Amino acid sequence: RLEDVVMETCELEEGGIVLAIQHLKMVFPQHLMDEPVLFRMVKAFDVMPNIRRAKVSAEGGEIVLDLSGDDEQLENALASLRSQGVDITQLESADK
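Definitions and limits used
Residues numbered from 1 in each chain as written. Predicted model: local features only at pLDDT ≥ 70, side-chain atom pairs only at ≥ 80, totals over all residues. Heavy atoms only, no water. Patch = residues over 30% accessible without salt bridge, like charges linked within 9 Å, V, L, I, M, F, W, Y side chains within 5 Å. Areas by Shrake-Rupley, 256 points an atom, 1.4 Å probe, with all protein chains shown as cover. Salt bridge = Lys/Arg side-chain N within 4 Å of Asp/Glu carboxyl O. Lys, Arg positive; Asp, Glu negative; His and termini not counted. Charge placed at Lys NZ, Arg CZ, Asp CG, Glu CD. Helix = DSSP H or I, 4+ residues; strand = E, 2+ residues; numbered from the N terminus. Buried < 20%, exposed > 50% of the residue type's maximum accessible area, 1.4 Å probe, protein only. Contact = heavy atoms within 4.5 Å. Core = buried A, V, L, I, M, F, W, Y, C linked by side-chain atoms within 4.5 Å.

Draft legend 1. A negative patch on the surface, seen in detail. Negative charge collects at one region of the surface, where Asp46, Asp70, Asp71, Glu72 and Glu75 lie side by side. Residue position: Glu75 is located in helix α2 (residues 71–83). Glu75 gets classed as partly exposed once you look at its relative accessible area, which sits at 39%.

Draft legend 2. Main features of the environment of Asn50. Mapped onto the fold, Asn50 is located in strand β3 (residues 48–57). Along the backbone, Asn50 and Leu65 are 15 residues apart, and their C-alpha atoms lie at a distance of 5.4 Å. Those residues in contact with Asn50, other than ones at most four positions away along the chain, are Val64, Leu65 and Asp66.

Draft legend 3. Expanded view of the nonpolar core. Formed by 18 residues in total, the largest nonpolar core has its most connected members in Met26, Phe28 and Leu67. Mapped by element, the contributors of at least two residues to this core are β2 (18–28), α1 (37–45), β4 (60–69) and α2. Those residues in contact with Phe28 that sit more than four places away from it in its chain are Met33, Val37, Leu38, Gly60, Gly61, Ile63 and Val86.

Printed below as a string of structure tokens:
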């Protein structure tokens, strides 16, 4: 749940918009390997991923990223990914 997650805020230079940033590890199951999961998440929920590292194979994938957006956008985006079978773990900043 989003309210259980520790978040940081940063001020983006464009327009002075303040967004929440979550540091996450996402593990994708095999059945999603041919799907544009992150692209759909960005389009549907207007969030911005910053991929720090990724490991992808035919068996599955793992992505460490920073995800920014407002609280509601983040909550909805993560709920959508979880409903598709993506395992999401909150990371500390130093765990990147």
